[in-house]
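Examining the three-dimensional arrangement
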Amino acid sequence: MVGVSLTSRDVARELARRYSTMSHDELDLLESILVPLKYQKGEKILNEGEVCTNIYWVVKGLVRQFYYKNNKELTEHMAVENSIVMCIESLFKEKPSHLQIVALEPSVIYAMPRQQLEKVAMKSLNIQILYRKILEESLIQSQIHADMMRFESAQSKYAKLVKLQPQLVLRAPLVYIASYLQMTPETLSRVRTSALLNDDI
């Protein structure tokens, strides 16, 4: 089992600190819906074909979101501590997900069930704000990644990832980083070597 010292209250406070100031009663509401989950390395958080019903907050560990295309695994997203993970289309359309989520390290995650989050958001303007900001953050991250893939060179993509998510670069296996940046592991290796030699990252 994965050990972690944070309580549900600590997580509610961190979410409030990050997304929206809350009163004591609002923290109670948010804490009431949080579901603590623990995963071992390699354990699935969401399987293909399952409906995603939760927004996940990573407290400890590293998780990867991926899908299969032409019998190859393609990395859609990775997240470390203090990050949100969700399969947004499955979450809101309530349809089976093409994406899978797996723990790359022993991980502690708090789930926010969407339906329960929406119920407590009806009672609290600040929880509504938190909900909106989480969705905004997810959309912005998706747009940043899409723009990187469309417009950036291999060197620029890697440099931007190092700047935006340094822990990810340090901890995720290179094959998954390469997949996330839509390049081969060999290209990523050359880019990393060049960056180190030129000291431009």
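The shown structure was predicted, so the numbers you read here are calculated from the model rather than taken from an experiment.

Details of the packing of helix 1 (residues 8-19) against helix 5 (residues 125-151)
Helices that pack against each other are described as a pair by the angle of their axes relative to one another and the distance between those axes. Where helix 1 meets helix 5, the closest approach of the two axes is 10 Å, and the angle between their N-to-C directions is 70°. Taken together, the axis directions place helix 1 and helix 5 in an arrangement best described as roughly perpendicular. Mapping the contact onto sequence places Leu15, Ala16, Arg18 and Tyr19 in helix 1 and Ile129, Leu130, Lys133, Ile134 and Glu137 in helix 5. When grouped by side-chain class, the residues that make up the contact of helix 1 with helix 5 number six nonpolar, no polar and three charged.

Regarding the sheet that holds strand 3 (residues 54-60)
A sheet is described by the order of its strands in space; here four strands give the open sequence 1-8-3-6, paired in antiparallel fashion. Pairing within the sheet leaves two strands with one partner each, and these edge strands are strand 1 (35-39) and strand 6 (83-85). Here the average twist between neighbouring strands, direction ignored, is 35°. Looking at chain direction, strand 1 and strand 8 (residues 107-113) are connected through five bridges and run antiparallel. Bridging from a neighbouring strand, Tyr39 pairs with Ser107 of strand 8.

With respect to the environment of Lys60
Inspection of the secondary structure assignment puts Lys60 in strand 3. Assessed through its relative accessible area of 35%, Lys60 is described here as partly exposed. Spatially, the C-alpha atom of Lys60 lies 18 Å from that of Glu31, the residues being 29 residues apart in sequence.

Observations concerning helix 6 (residues 154-164)
Those residues of helix 6 lying buried are Lys157, Tyr158 and Leu161. End-on view of helix 6: buried residues confined to an arc of 95°, all on one side of the axis.

Re the packing of aromatic side chains
One pass over the full model with this rule turns up two aromatic pairs. Ring geometry for Phe66 versus Tyr68: centroids 5.8 Å apart, planes at 80°, classification edge-to-face. The exposure class assigned to Tyr68 is partly exposed, which follows from its relative accessible area of 43%. In this structure, Arg64 is placed above the aromatic ring of Tyr176, and the distance from its NZ or CZ to the ring centre is 3.8 Å.

Side note on unusual backbone geometry
Despite not being glycine, Asn70 has its phi angle at roughly 50°, a positive value. Mapping Asn70 onto the fold places it in the loop between strand 4 (63-69) and strand 5 (72-79). According to the relative accessible area criterion, Asn70 is exposed, its value standing at 69%. In this model, Glu94 sits at a positive phi of 55°, which is unusual for a non-glycine residue. Note that Glu94 resides in the loop between helix 3 (88-93) and strand 7 (100-103). Residue Glu94 is classed as partly exposed on the basis of its relative accessible area of 47%.

Calculation rules
- Residues numbered from 1 in each chain as written.
- Predicted model: local features only at pLDDT ≥ 70, side-chain atom pairs only at ≥ 80, totals over all residues.
- Heavy atoms only, no water.
- Axes fitted to C-alpha atoms, helices over the stretch in contact; angles between N-to-C directions.
- Helix = DSSP H or I, 4+ residues; strand = E, 2+ residues; numbered from the N terminus.
- Parallel < 35°, antiparallel > 145°, perpendicular 65-115°, else oblique.
- Contact = heavy atoms within 4.5 Å.
- Nonpolar A, V, L, I, M, F, W, Y, C, P; charged D, E, K, R; others polar.
- Pairing = 2+ DSSP bridges.
- Buried < 20%, exposed > 50% of the residue type's maximum accessible area, 1.4 Å probe, protein only.
- Arc of directions from axis to C-beta.
- Phe/Tyr/Trp six-rings, centres within 6.5 Å; stacked < 30°, edge-to-face > 60°.
- Lys NZ or Arg CZ within 6 Å of the ring centre and 35° of its normal.

Any functional reading would require information that these geometric values do not contain.
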